[in-house]
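# Overview (structure and organization)
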Amino acid sequence: MLTIEFIQQHLRQAIAEAIEAKNPAELAHLQQMAGLLMKPAHLHNDSETEYALRLLAAKAANARETLLKKEDD
């Protein structure tokens with residue numbers, strides 16, 4: 001059975017792989033995915049899951065921004 005924990009684990013791994021591959025497009029996609037999953041967590045008053053997903057979205061966004069800045073230099 002698919003669980004929230006598995007989804008979060010998969011997102012963490014996918015973010016790490018996108019960072020390693022220096023893939024800002026994938027990081028943007030992963031940020032969106034985490035953001036979309038935050039809404040059902042919020043609607044079900046699951047603040048712990050919502051917060052964890054918010055952190056993953058922020059991690060993807062920050063990593064993407066860092067990669068894009070490096071490209072500009």
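Residues numbered from 1 in each chain as written. Predicted model: local features only at pLDDT ≥ 70, side-chain atom pairs only at ≥ 80, totals over all residues. Heavy atoms only, no water.

## Some words on unusual backbone geometry
Positive phi is not limited to glycine here, since Lys22 has a value of about 55°. Locating Lys22 in the fold gives a position in the loop between helix H1 (4-20) and helix H2 (24-43). With relative accessibility at 61%, the residue Lys22 sits in the exposed group. Even without being glycine, Asn45 reaches a positive phi, approximately 55°. With respect to the helices and strands, the residue Asn45 is situated in the loop between H2 and helix H3 (47-72). Residue classification places Asn45 among the exposed positions, given a relative accessible area of 71%. (Helix = DSSP H or I, 4+ residues; strand = E, 2+ residues; numbered from the N terminus. Buried < 20%, exposed > 50% of the residue type's maximum accessible area, 1.4 Å probe, protein only.)

## Observations concerning the packing of H1 against H3
Relative orientation of the contacting elements H1 and H3 amounts to 10°, with a least axis distance of 10 Å. The orientation of H1 with respect to H3, classified from their angle, is roughly parallel. Between H1 and H3, the residues in contact are Ile4, Gln8, Leu11, Arg12, Ile15 and Ile19 and Thr49, Ala52, Leu53, Leu56, Lys59, Ala60 and Ala63, respectively. Residues belonging to the contact of H1 with H3 are distributed by class as follows: 9 nonpolar, 2 polar and 2 charged. (Axes fitted to C-alpha atoms, helices over the stretch in contact; angles between N-to-C directions. Parallel < 35°, antiparallel > 145°, perpendicular 65-115°, else oblique. Contact = heavy atoms within 4.5 Å. Nonpolar A, V, L, I, M, F, W, Y, C, P; charged D, E, K, R; others polar.)

Purely geometric numbers; function is a separate question.
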